[in-house]
Amino acid sequence: MSFIEFDNVSYSYSAGTKNEVKAVKNVSFSIEKGELVALVGHNGSGKSTIAKLMNGLLLPQSGLVKVNGLDTADKKNLFDIRKSVGIVFQNPDNQMVATIIEDDVAFGPENLGLDPKEIRERVDFALKSVGMYEYREDAPFRLSGGQKQRIAIAGVLAICPEAMVLDESTSMLDPTGKKEIMEVVTRLNREKGMTVIMITHFMEEAALCDKIIVMNDGSVALSGGRQTLYDDRLVELGLKLPMSCSVAKRLNKSGMNVGEVYTPEQLAEAICRSL
């Protein structure tokens, strides 16, 4: 059984009115436990709507969404579903509710009604996991964008979800901040076995994932493993290939066989081997 399953799901904003916008159209895919998945597509392709459908913030108007076997359309399942799937949104400032970092991270566990001792343990675990424990008594407004996003991730981690959805969570960050966040989420996936869904239009981030789902105009246009990044249809869908993949494709065509590489480090090693 898949951990997250979409079966012929559709969703429209302002449904039934003249302003209806069909955001998701007959979408089907599945995500297994422990996978690192990229959901990519240009603006307006339906990515953020998919994120909200994953933990019941939105409910499908047709089709079926299941999380760990639980139907999101059944209201009695929503509490368990939202504990299982945490979402980190684009702007960390919109997710902060306290003036002290550790209080902010504790907000979720407190609302679950946990014992104070367990809350303390979860807050410490979450802050250490994202490398922000030493800042626990600081004020969030003193942090950089990358640090704030790490606190937002810690707030989700403190709930101990089985899966984390990052909805364009690096789009407002500088390159250093992006790198910090990607290191955190890939480590959580690799070391803790957490299922991570990266919703992004940065293809370099997609290159770090095991599975890639490409959205276009509300539908799944492509889906597969990392080799999907070498599919010529990506450019037709308005997406840019990661620089490493683009360079590798040109080198392969020119006769220098570097194979399929996905990161700058892999590309450099392949070029050195060829030389």
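Residues numbered from 1 in each chain as written. Predicted model: local features only at pLDDT ≥ 70, side-chain atom pairs only at ≥ 80, totals over all residues. Heavy atoms only, no water.

Student: Quick one: what's the story with the environment of I159, residue by residue and with numbers?
Tutor: By secondary structure assignment, the location of I159 is in the loop between helix 5 (145-157) and strand 7 (163-167). Of the residues examined, I159 reaches a relative accessible area of 23% and is grouped as partly exposed. The spatial distance from the C-alpha of I159 to the C-alpha of V123 is 9.2 Å, given a sequence separation of 36 residues. (Helix = DSSP H or I, 4+ residues; strand = E, 2+ residues; numbered from the N terminus. Buried < 20%, exposed > 50% of the residue type's maximum accessible area, 1.4 Å probe, protein only.)

Student: Any details on the state of the cysteines? Residues and values, ideally.
Tutor: In a disulfide, the sulfur atoms of two cysteines are held together by a covalent bond. Taken as a whole and assessed by the stated rule, the structure comprises zero disulfides. C209 provides the cysteine sulfur closest to C245, a residue in no disulfide bond, and the two sulfurs are 12 Å apart. According to the relative accessible area criterion, C245 is buried, its value standing at 0%. (Disulfide = S-S within 2.5 Å.)

Student: Account for the nonpolar core, with residues named and values stated.
Tutor: Ranked by internal contacts, the top residues of the largest apolar core, which has 53 residues, are I153, M164, L166 and L229. Sorting elements by how many residues they give to this core places helix 5 first, with six residues. With residues up to four places along the chain from it excluded, the contact list for M164 reads G86, V88, I153, V156, L157, L188, M194, T195, V196 and I197. In this structure, V24, L53, V67 and V165 belong to the second largest nonpolar core, which totals 28 residues. (Core = buried A, V, L, I, M, F, W, Y, C linked by side-chain atoms within 4.5 Å. Contact = heavy atoms within 4.5 Å.)

Student: Now, about the sheet that holds strand 2 (residues 21-31): what can you tell me, with residues and values included?
Tutor: Strand pairing in a sheet takes place through backbone hydrogen bonds and is either antiparallel or parallel in direction. Reading across from one edge, 2-1-4-5 is the order of the four strands in this open sheet, with antiparallel pairing throughout. The open sheet is flanked by strand 2 and strand 5 (70-71), the only strands paired with a single partner. The pairing of strand 4 (residues 62-67) with strand 5 spans two bridges and is classified as antiparallel. When the bridges of strand 5 are listed, K66 appears paired with D71. (Pairing = 2+ DSSP bridges.)

Student: Any chance you could break down the packing of aromatic side chains for me, citing the residues and the numbers?
Tutor: The tally for this structure, following the rule as stated, stands at three aromatic pairs. On the basis of an interplanar angle of 15° and a centroid distance of 4.6 Å, the ring pair of F6 and F29 is categorised as stacked. In this pair, F6 sits in strand 1 (residues 4-13) while F29 sits in strand 2, placing the two residues 23 residues apart along the sequence. The class of F6 is buried, set by a relative accessible area of 2%. On the numbers, 5.7 Å between centres and 85° between planes, the contact of Y230 with Y262 is edge-to-face. One end of the pair, Y230, is in the loop between strand 10 (219-225) and helix 8 (233-236); the other, Y262, is in the loop between helix 9 (243-254) and helix 10 (264-274), and 32 residues separate them in sequence. Taken individually, Y230 and Y262 each receive the classification buried, so the pair is uniform in this respect. The side chain of R136 reaches across the aromatic face of Y133, ending 4.1 Å from its centre. The ring centre of Y262 lies 5.5 Å from the NZ or CZ of R226, which sits over that ring. (Phe/Tyr/Trp six-rings, centres within 6.5 Å; stacked < 30°, edge-to-face > 60°. Lys NZ or Arg CZ within 6 Å of the ring centre and 35° of its normal.)

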